[in-house]
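Notes for the structure review
Spelled out, the chains give:
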Amino acid sequence: MAATQPLIFRKGLDMKEAVAAELAAAYDSKIVDDVRAGDFTFTSGRLTVHLAREFGFCYGVDRAVDYAYQARRRFPGQNVFLTGEIIHNPHVNDRLREAGIRFLSDPGERRESLGRDDVVILPAFGVTVSEMAQLTSQGCTLVDTTCGSVLNVWKNVVRYAQDGYTAIIHGKVKHEETRATASQALRYPKGRYLVLLDRAEAAAVCDYIRDGGDPAQFLARFGASASPGFDPDRDLDRVGCANQTTMLMSESLEIGEMFRAAMLARYGPDRLAHHFRAFDTICSATQERQDAVIALLGERRVDSMIVIGGYNSSNTCNLARICADHAPTFHIADPGCLVSKDEIRHRPVGPPSTSAGREEISRGWLSADGPIVIGLTAGASTPNNIVGHVIRRLEEFCREG
Ligand code: SF4
């Protein structure tokens, strides 16, 4: 007997209106709406807050959270699971748990016991090819919220694999999205990938392309970030660039240019197209948030910047990196990090290779008197109600004097 095909929802579950009020109550913010309407500036006493013109929930996260609530409403008598965090925001994940959605990444949950009566939500950053195959074979009903911008990256990585190009992926090798993207390369026999974190790693690989080197040394450094059986002498002959959608876009573009230059030096202009490919896999929401803080910092004088978002949120960390080049910057996870007008808990800002996600406390972060101007932005996984709480807390501290 042929196996039953699982049901896969990719375009919502016809419950949008039914969950709209619940979503608004959980994540909207009146004060944020007012600040938007007031040219993105909030003033109260000696405090001025300039909000970036693009911040917070992106279209992919908005849709994923919406579908999760729709799924819970659509299947009231069934177990509804998420494969892991839906997005990198503890507040949103906690709310989903409260709504009765279970996390397969939690201790005690067993993926192997899932079956046809279970509903599984796939996150905005997608899942690996093998995870998808496993869930499909178990017959679970799937709610696939993989973002269109992630699917666009996958499409290009698959094309590289079909045509015999190694996908060079600018990303974090342990990030769910990058693991899912890399797995796409292995769908075809000639598919290979190499994940690179930053310019320094890209420079080392480009040196190898230009000048050659010792494969054993190469693999000692990059073996864990490369596809199984990677051979630098064979697999760096033809490369195509891609990226995790939430990386620092200027760095992704620079890395693409570094590879183009290395291939040009090695093979010359006539053979370049045969050895190098690049497609625009930049996510517009990430780009817009990064552009908006650059614009804010170019147009406004600020005493400091506050960037709100999970410490494991890649796009939030990159917003903080941009801000830190221009002003003292505090990356905070939630409003509770604003402990008092003297004390702030935050994650130190740094390049991905040095950012271990540890939190530290700084004192004297808010001047005790005189005007205070704060710039504010939030990562793509931070809802407006969190941004609103931060503004209220700042107002409270400044009112105290
Ligand atoms: S950051 Fe970009 S790719 Fe990721 S979910 Fe949001 S819109 Fe989609």
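Please read these numbers as outputs of a predicted model, since none were measured by experiment.

A few words now on the overall build of the chain. Within the chain, the regular secondary structure consists of 15 helices and 16 strands. Its C-alpha atoms put the chain at 65 × 60 × 35 Å along the principal axes. Expressed as a percentage of the 401 residues in the chain, the buried residues total 55%. Contacts in the chain between residues far apart in sequence, at least 24 positions, make up 71% of those at least 6 positions apart. Summing over all exposed atoms, the chain offers an accessible surface of approximately 17500 Å²; the carbon and sulfur share of this is 50%. Put simply, the chain has 46 plus and 51 minus side-chain charges, and the middle of one group is 3 Å from the middle of the other.

Near the ligand the following residues occur: Cys58, Tyr59, Gly60, Cys147, Ser149, Val150, Thr245, Thr246, Cys283, Ala285 and Thr286. When each cavity is represented as a set of grid points, the ligand is found to reside in the largest cavity. Elements with a contribution of two residues or more to the shell around the ligand: α3 (59-74), α6 (148-163) and α13 (284-299). Classifying every residue of the shell around the ligand gives 6 nonpolar, 5 polar and no charged.

A word on the sheet that holds strand β4 (residues 80-82). Within the open sheet, the 5 strands sit side by side as β1-β7-β6-β4-β5. Their pairing is parallel. Of all strands in the sheet, those with a lone pairing partner are β1 (8-9) and β5 (102-103), marking the two edges. As paired elements, β4 and strand β6 (residues 119-122) share 3 bridges and run parallel to each other. Following the sheet pairing, Phe81 is matched in β6 by Val120. Lying over the sheet, helix α5 (residues 129-137) contacts β1, β6 and β7 (141-144), oriented at roughly 145° with respect to β7.

A few words on the environment of Ala202. Its place among the elements puts Ala202 in helix α8 (residues 199-211). The buried category is assigned to Ala202, whose relative accessible area is 0%. As a C-alpha pair, Ala202 and Val19 span 183 residues in sequence and 45 Å in three-dimensional space. When sequence neighbours within four positions are dropped, the list of residues in contact with Ala202 reads Leu196, Ile255, Met258 and Phe259.

For His170, the position within the fold is in strand β8 (residues 166-170). Residue classification places His170 among the buried positions, given a relative accessible area of 2%. The spacing of His170 and Leu197 is 27 residues in sequence and 5.8 Å in space, taken between C-alpha atoms. Beyond its immediate chain neighbours, meaning those up to four positions away, His170 contacts Leu196, Leu197, Asp198, Ala242, Asn243, Gln244, Met247, Leu248, Glu251, Ser252 and Ile255. A distance of 3.2 Å separates the side chain of His170 from the backbone oxygen of Leu197, its partner in a polar contact. Within the structure, the side chain of His170 is placed 2.7 Å from the side chain of Ser252, a separation counted as a polar contact.

Remark: α8 packs on helix α9 (residues 215-222), axes separated minimally by 12 Å, with the N-to-C direction vectors making an angle of 160°. In terms of their interaxial angle, α8 and α9 are classed as roughly antiparallel. You can see that α8 and α9 cross each other, and the crossing is left-handed. Contacts between α8 and α9 pair Ala200, Glu201, Ala204, Val205 and Tyr208 from the former with Pro215, Phe218, Arg221 and Phe222 from the latter. Considering only residue class, the contact of α8 with α9 consists of 7 nonpolar, no polar and 2 charged.

Relative placement of two packed helices is described by the angle separating their axes and the distance separating the axes. Direction vectors running N to C along helix α1 (residues 16-27) and helix α4 (residues 90-98) enclose 135°, while the axes themselves pass 12 Å from each other. Relative to α4, the element α1 lies oblique. In this structure, α1 meets α4 at a crossing whose hand is right-handed. Of the residues in α4, those in contact with Ala25, Ala26 and Tyr27 of α1 are His91, Val92 and Arg95.

Further remarks concern unusual backbone geometry. Its identity is not glycine, yet Asp14 carries a phi of approximately 60°, on the positive side. With respect to the element layout, Asp14 can be found in the loop between β1 and α1. The backbone phi angle of Asp39 is positive, close to 60°, even though this residue is not glycine. Taking the relative accessible area as the measure of exposure, Asp39 reaches 43% and is therefore partly exposed.

Moving on, we come to empty space enclosed by the protein. In this approach, a probe sized like a water molecule rolls over the atoms, and the result shows the empty space that is left. If you walk through the whole model with that rule in mind, you get 1 cavity of 30 Å³ or more. In this structure, the largest cavity spans a volume of roughly 300 Å³. Residue lining of the largest cavity: 23 residues in total, with Cys58, Val61, Phe125, Glu177 and Thr246 positioned closest to the centre. Mapped onto the lining of the largest cavity, the elements with two or more residues apiece are α3, α6, α13 and α14 (314-324). Sorting elements by how many residues they give to the lining of the largest cavity places α3 first, with 3 residues. Class assignment for the residues of the lining of the largest cavity results in 11 nonpolar, 11 polar and 1 charged.

Reading guide: rules and limits
- Residues numbered from 1 in each chain as written.
- Predicted model: local features only at pLDDT ≥ 70, side-chain atom pairs only at ≥ 80, totals over all residues.
- Heavy atoms only, no water.
- Helix = DSSP H or I, 4+ residues; strand = E, 2+ residues; numbered from the N terminus.
- Buried < 20%, exposed > 50% of the residue type's maximum accessible area, 1.4 Å probe, protein only.
- Contact = heavy atoms within 4.5 Å.
- Areas by Shrake-Rupley, 256 points an atom, 1.4 Å probe, with all protein chains shown as cover.
- Lys, Arg positive; Asp, Glu negative; His and termini not counted.
- Charge placed at Lys NZ, Arg CZ, Asp CG, Glu CD.
- Near = heavy atom within 4 Å.
- 1 Å grid on protein atoms, 1.4 Å probe; cavity = no way out; pocket = protein on both sides within 12 Å on 5 of 7 lines; lining within 4 Å.
- Sits in = over half its atoms within 2 Å of the grid points.
- Nonpolar A, V, L, I, M, F, W, Y, C, P; charged D, E, K, R; others polar.
- Pairing = 2+ DSSP bridges.
- Axes fitted to C-alpha atoms, helices over the stretch in contact; angles between N-to-C directions.
- Polar contact = N/O pair within 3.5 Å; in protein donor to acceptor, adjacent residues only side chain to side chain.
- Parallel < 35°, antiparallel > 145°, perpendicular 65-115°, else oblique.
- Left-handed = near helix turned anticlockwise from the far one by under 90°.
- Points joined across faces, edges and corners; volume = space filled by probe spheres on them.

Just geometry here; none of it tells us what the structure is for.
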